[in-house]
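Commentary on secondary and tertiary structure
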Amino acid sequence: MPKQNLSNYIKFFNQINDLEQKGLITSKQKHLLKVNLTTKEYQLNNLICTIYDEQDYQSAILQYLQTIEPQPKIRYQSSGENDSPIRQRRRGNSLSRVSQFNETKLIAQIDELNDQLMTLWQSDSQFYLNHEINDKLRKVGEFITKTATSTPSNSQKQVTNISDSNQVIENLQQLYRDMKQHFNDYLRCHILLMDDKLSTEHLNNVLRAFMKNLVDADEISFIYNNEIYTSENGQFNEINLTDQQQLEIQSILEGNVIEISQNYPEISSLFQTTKFKGNYLLKIQNSTCLFCFHSKGEHKMIIESFLSLCNEYQFFDEVNQLAQFLLETLKQARVQCFNPLQLSHMIQDIGIAFIRCSKYFFIHKSISILSERYKVCKDNTSFISMHPFVEFDFRDSLNLSIHICFDLNKKEDMNVYKQLNLSFNKYLKFIKQCYDRTTFYKFFVKSQDSLIFEFDKQGQITFVSQPITSKLAEEFNINFNPQFYNASYTSIFKNKNLIQHIENQLQDQNKWKLTDSNSTYEVFMKMEEKYFKGFFVIFQQGWFRYNQKSLDANQWQKLRKSFLQQETNQYLDKLEQKHPQLKNSVVQMFKPKATQKQSQFKNFSPSFSPRHLDQRNSLQESESIRLIPKTKGINHFYPDMITETCIENIDNFDFNILPYSADWLEKQKVVFSILRRNNFIEDYKISEDALCSFLCALEYKYNKRGNQFHNYDHGVTVMQCTHAISLEIMKTQYAHLLSQFTKFALILSGLCHDVSHTGRTNIFEINSLSNLAIRYHDRSVLEQHHAATSMKLLCAPATNIIPNFTSSEFREFRKLFISNILYTDITEHFNLMKNFEARIKELNFGTEDDIKLMTGMIIHTSDFTGGAKPFKLSREWSTRVNMEFQEQYSLEGKFGYPQLPYMKDLDQLPIMAKSEVGFFKFIVRPLWSIMSKFTEDRLQQSVDNLEQTIVEWEKLMIN
């Protein structure tokens, strides 16, 4: 028996669908062909595997049907006494003569013909008539017209009623088909996001397609925080509202969508509404944003004027959610590198909400169609009719029902009623199918271990789970362009073995389910009610392609770490491809050490030449001059000097240390206050005399070099931030992970994390062959120095604040303390974020290593707390750290070390602003955003501050 392949299988379905649409086969014949294909009937199997010409193919199918179906016999009914046959018909000019005429029987025969056509028209497939049938129906129609003109008015009215009711039925069927097709196409919009090089411009195009398919909106405008945005130019512009404009805005009711008219001339002028056919305005809830959807009305869509039904059918919440999503997405596109998968998730949630609401549009259109033929009333309380009527209940939460003047004793009215019920229930079923599909899509979008392709039964792409990177495309031989979202599997996959594997699945129905395989991909078919509906191709990625059971714990951890490192490097490569300006920006400081050496210092290798040793000695002398003598630098204080005072904002993220900069004793009171509020002094029996000595020594070591940024102010600020984040975590599901012991190690390490900082970067220490770089072998030089300095103080008798720890407690404390400080090495930034994001998604998150990862993430986030303050304060911290960078750049030039380009000319405001935009947009904001999500959005105010800071620096960059 010849073997079927998928291309033949798809071609067969296309051809029988075409035959049905042309009216050459019935739905029953189509079903018979499907059954014979499923059972692999020999003659049909041979036909679809051997014929390739399209015309021959259809002819062969029709001939095949004739061989398997019994031919209908033509029966001539003899006339009886009560029959009304045509006794004689003469062609030419003579008229037909009817000896007898039975009106009742004629009506019955017309009803029978009507029922037959109704059965055909109510089939799922669209019905088209071929030339022969059209010609015959035309002649019958002409005869009916002639007959109707000469028959009594009552009979003519019945024929007209049948024709009108058939038109209503056809319109209801067409409505179902059009809306189903529209939202099926919408679900493909997700593919547009799966672009590995998704730019801001392309994002705007995706959002435009998204809006158009959901609510028929071509453009949007909104006013937010004294700025106006228009999607036509994709720009935010500052705006000062006039008193009249503010009055009009205040007059707009919340919770409604308003179609802008002449009643709002000022708002119309602001949003330039005259350019559009439809303009729909709303106030976003819990926001100061005024949002407007614009529709040009150039291309007719089935969902035209969808938004005009919002208030009547009460789906404002969905429209508000859509506007909120668009607002937040466009805001974030300004301030961060967006993630297509996150957008995909939100688009799917909003999309399914609107597909559910589309039933109201279906109801609205159905009422409109019925009203052309029947009297329809939506206001059931005032409905009065002297004629028969039917109440149709749409079974909705709004208790929607309508009264229709139907006489169900009439077949034509009964058929319309049946069609209305059938179309509406089929559409509800379609909505449920869309929900199931979306749930499935969301699950696989979350999956990091698999790349999923879905194809329909024609072999066209309908879903892909993630953007296709160049590495994935190369690894799996994929040629995917999201702009062509109707592409077939043969154009996407270039792996011949894979294509053959797909087509081989059809040979054995037992393989139409996912089975284990040693290959890098799996293929399985979608079946629905025993019918083929498409197929999936799943590629296995990363460490999930390995069998964890065959590896011991150490091997598995090494393998996992290796893949995370690869993912980090891929992410950074992708980031620099999209944003080439990052290659010479401060972001380079945060890349893993290996990539930094390869990219920045490949031509520099310090050596112990006599000249270099002279430079080294000269540098050490210049650095020693900066040191403040202990006799002048140590500020001694005692427990009785620490009085109970109210420290403003000590428990939240509005805390500001700068007002205490000139008062060293007030800063020590802040430290005491945090320790006391956490009961650390009482719980661990800390001697206050030892604590005072410890803090005196710590402050001196912080401030002895006179650093502008890395000083005791910064240390206390980071300590306070770890305290504030800890308080927020204690309100979440992760509270049990933050024990008192863990919290003590975290908050104290926050205070000590930069002690004895040189005011230079690790790169500078390494290039200058400093004593610290030599001591710590170029690995996390300053971080190891901070940890070692702190531990020396904690081990010295006079400054030991934890003498009551047992040996095991001290070792555990030391391990946590050092781990936290080492996580502040900025070259661990991307690895830390990737690892943390991956772990918190796993069900077993909460191990000992996870707790270290969590506290490391907390202290690393707190290290940038200055930048997460309101812009005025954030700018002050930025100015301070950039002053240190300027000093380092000068020293690098003076001693011949490699000069980092992003440290040049930072005294010029536009250049510093450009550096800060990249720093906050690609480093700080993503970091705080991840931590905010971990704390269940409890740090959102700090994230908002960062977004505003980015906008403000962008303004200074342009000026």
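Residues numbered from 1 in each chain as written. Predicted model: local features only at pLDDT ≥ 70, side-chain atom pairs only at ≥ 80, totals over all residues. Heavy atoms only, no water.

Comments concerning the overall build of the protein chain
For the protein chain, the helix and strand inventory stands at 35 helices and 13 strands. Scored against the burial criterion, the 959 residues of the protein chain give a buried share of 50%. Counted over contacts in the protein chain with a minimum sequence separation of 6, partners at least 24 positions apart contribute 70%. Here the protein chain has roughly 47,500 Å² of accessible surface; of this, 49% comes from carbon and sulfur atoms. (Helix = DSSP H or I, 4+ residues; strand = E, 2+ residues; numbered from the N terminus. Buried < 20%, exposed > 50% of the residue type's maximum accessible area, 1.4 Å probe, protein only. Contact = heavy atoms within 4.5 Å. Areas by Shrake-Rupley, 256 points an atom, 1.4 Å probe, with all protein chains shown as cover.)

Overview of the confidence of the model for the protein chain
Of all residues in the protein chain, 77% attain a pLDDT of 70 or more, and the chain-wide mean is 81. Throughout residues 71–101 the model reports pLDDT below 50, and contacts reaching past four residues in sequence, or to other chains, amount to 22 contacts. Note on residues 124–128: pLDDT is under 50 here. Beyond four places in sequence and across chains, it has 16 contacts. (pLDDT = per-residue confidence, 0-100.)

Focus on the pairing of strand E2 (residues 227–230)
The pairing of strand E1 (residues 219–224) with E2 spans four bridges and is antiparallel. From the neighbouring strand, tyrosine 224 faces E2, where its bridge partner is glutamate 227. Between E1 and the antiparallel strand that follows it, E2, lie two residues; asparagine 225 among them carries a positive phi value of about 50°. Sheet analysis places E2 next to strand E3 (residues 235–238), joined by four bridges and oriented antiparallel. Opposite threonine 230, over in E3, you have glutamine 235 as the bridge partner. Between E2 and E3, which pair antiparallel in sequence order, lie four residues; one of them, glycine 234, sits at a positive phi of approximately 65°. (Pairing = 2+ DSSP bridges.)

Notes on helix H17 (residues 496–504)
The set of residues buried in H17 consists of Leu498, Ile499, Ile502 and Glu503. End-on, the buried residues of H17 take up no more than an arc of 135°, which puts them together on one face. Summarising the geometry of H17, the exposed residues directed more than 90 degrees from the buried face are Lys496 and Asn497. The backbone nitrogen of asparagine 497 lies 2.9 Å from a side-chain oxygen of the residue at the head of H17, namely asparagine 495. (Arc of directions from axis to C-beta. Polar contact = N/O pair within 3.5 Å; in protein donor to acceptor, adjacent residues only side chain to side chain.)

Re the side chain of serine 780
Its location among the elements puts serine 780 in the loop between helix H28 (771–775) and helix H29 (781–795). Within the structure, serine 780 has its side chain in polar contact with the side chain of aspartate 825 (distance 2.7 Å).

As for the pattern of salt bridges
In total, this model carries 24 salt bridges according to the counting rule given. Residue arginine 334 is joined to glutamate 227 by a salt bridge in which the shortest nitrogen-to-oxygen separation is 3.1 Å. With arginine 334 in helix H12 (residues 316–335) and glutamate 227 in strand E2, the pair connects residues that are 107 residues apart, well separated along the chain. Both residues of the pair, arginine 334 and glutamate 227, belong to the buried class. With its nearest N and O atoms 3.2 Å apart, the salt bridge here joins lysine 669 to glutamate 666. Separated by three residues within a single helix, lysine 669 and glutamate 666 lie in helix H22 (residues 664–677), roughly one turn from each other. Taking relative accessible area as the criterion, lysine 669 reaches 10% and is therefore assigned buried. A single network of salt bridges, built from pairs that share partners, joins Lys667, Asp713, Glu876 and Arg880. (Salt bridge = Lys/Arg side-chain N within 4 Å of Asp/Glu carboxyl O.)

Thoughts on the sheet that holds strand E9 (residues 401–404)
In space, the three strands of this open sheet follow the order E7-E9-E8, with antiparallel pairing throughout. The open sheet has two edge strands with one neighbour each: strand E7 (376–377) and strand E8 (390–393). Sheet topology note: the E7/E9 ladder contains two bridges and is antiparallel. Note that in E9 the partner of valine 376 across the bridge is isoleucine 404.

Topic: the state of the cysteines
In total, this model carries zero disulfides according to the counting rule given. With no disulfide of its own, cysteine 357 lies closest to cysteine 310 among cysteine sulfurs, the gap being 8.3 Å. Residue classification places cysteine 357 among the buried positions, given a relative accessible area of 4%. (Disulfide = S-S within 2.5 Å.)

What to know about the side chain of serine 749
Tracing the backbone shows serine 749 in helix H26 (residues 740–752). Residue classification places serine 749 among the buried positions, given a relative accessible area of 0%. Within the structure, the side chain of serine 749 is placed 2.7 Å from the backbone oxygen of leucine 746, a separation counted as a polar contact. If we ignore the near neighbours within four places in the chain, the residues touching serine 749 are Phe817, Asn820, Ile821 and Ile859.

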